[in-house]
Amino acid sequence: PPPIPPIPLKFTGTMEQGKKKVAIFSDGRGTPVYASEGELVLGQYRVVRIQLESVVMEYADGRGRQTIPMRGSFGDIR
């Protein structure tokens, strides 16, 4: 099968919403997108884990788990 493409999002930071940690993403086209662990971003990518300086994401169907560093570069597929 062809390789899974990198998730095309930049992780730009986190914020607290009550007791919940929220990651902030940019797709480079519109307003920032906010999501907590377990939530979908743009209907295609699931936030698996929010860490101090990176997030772990995967495609909504569970394929292509990737770590995206806060610097905003695209993640590495594991």
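Residues numbered from 1 in each chain as written. Predicted model: local features only at pLDDT ≥ 70, side-chain atom pairs only at ≥ 80, totals over all residues. Heavy atoms only, no water.

### Details of the overall build of the protein
Item 1. Looking only at helices and strands, the protein has zero helices and eight strands in total.
Item 2. Helices and strands appear in the protein in the N-to-C order β-β-β-β-β-β-β-β.
Item 3. Taken over C-alpha atoms, the radius of gyration comes to 12 Å for the protein, in line with the 12 Å a tight globule of 78 residues would show.
Item 4. Principal-axis analysis of the C-alpha atoms places the extent of the protein at approximately 40 × 25 × 20 Å.
Item 5. When contacts within the protein are restricted to residue pairs at least 6 apart in sequence, those whose partners lie at least 24 apart make up 29%.
Item 6. Total accessible area on the protein stands at roughly 4900 Å², and carbon and sulfur atoms take up 54% of it.
Item 7. For the protein, the distance from the average site of its 11 positive side-chain charges to the average site of its 8 negative ones is 1 Å. (Helix = DSSP H or I, 4+ residues; strand = E, 2+ residues; numbered from the N terminus. Rg over C-alpha atoms; globule rule 2.2 N^0.38 Å. Contact = heavy atoms within 4.5 Å. Areas by Shrake-Rupley, 256 points an atom, 1.4 Å probe, with all protein chains shown as cover. Lys, Arg positive; Asp, Glu negative; His and termini not counted. Charge placed at Lys NZ, Arg CZ, Asp CG, Glu CD.)

### Re the packing of aromatic side chains
Within a pair of aromatic rings, the relevant descriptors are the distance that separates the centres and the angle that separates the planes.
Item 1. According to the stated counting rule, one finds two aromatic pairs in the structure shown.
Item 2. Measuring from centroid to centroid gives 5.4 Å for Tyr45 and Tyr59, while their planes differ by 65°, and the two rings are edge-to-face. Placement of Tyr45 in strand E5 (residues 45-50) and of Tyr59 in strand E6 (residues 54-59) is noted, with a sequence separation of 14 residues between them. A single burial state applies to Tyr45 and to Tyr59, both of which are buried. (Phe/Tyr/Trp six-rings, centres within 6.5 Å; stacked < 30°, edge-to-face > 60°. Buried < 20%, exposed > 50% of the residue type's maximum accessible area, 1.4 Å probe, protein only.)

### Here's the deal with the sheet that holds strand E3 (residues 33-35)
Paired through their backbone hydrogen bonds, the strands of a sheet run either parallel or antiparallel.
Item 1. Spatially, three strands are ordered E1-E2-E3 in an open sheet, and the strand pairing comes out antiparallel. Of all strands in the sheet, those with a lone pairing partner are strand E1 (10-17) and E3, marking the two edges. For this sheet, the mean inter-axis angle between neighbouring strands, taken without regard to orientation, is 30°.
Item 2. As paired elements, E1 and strand E2 (residues 20-26) share seven bridges and run antiparallel to each other. Across the sheet, residue Met15 finds its bridge partner in E2, namely Val22. (Pairing = 2+ DSSP bridges. Axes fitted to C-alpha atoms, helices over the stretch in contact; angles between N-to-C directions.)

By themselves, these figures tell us nothing about what the structure is for.
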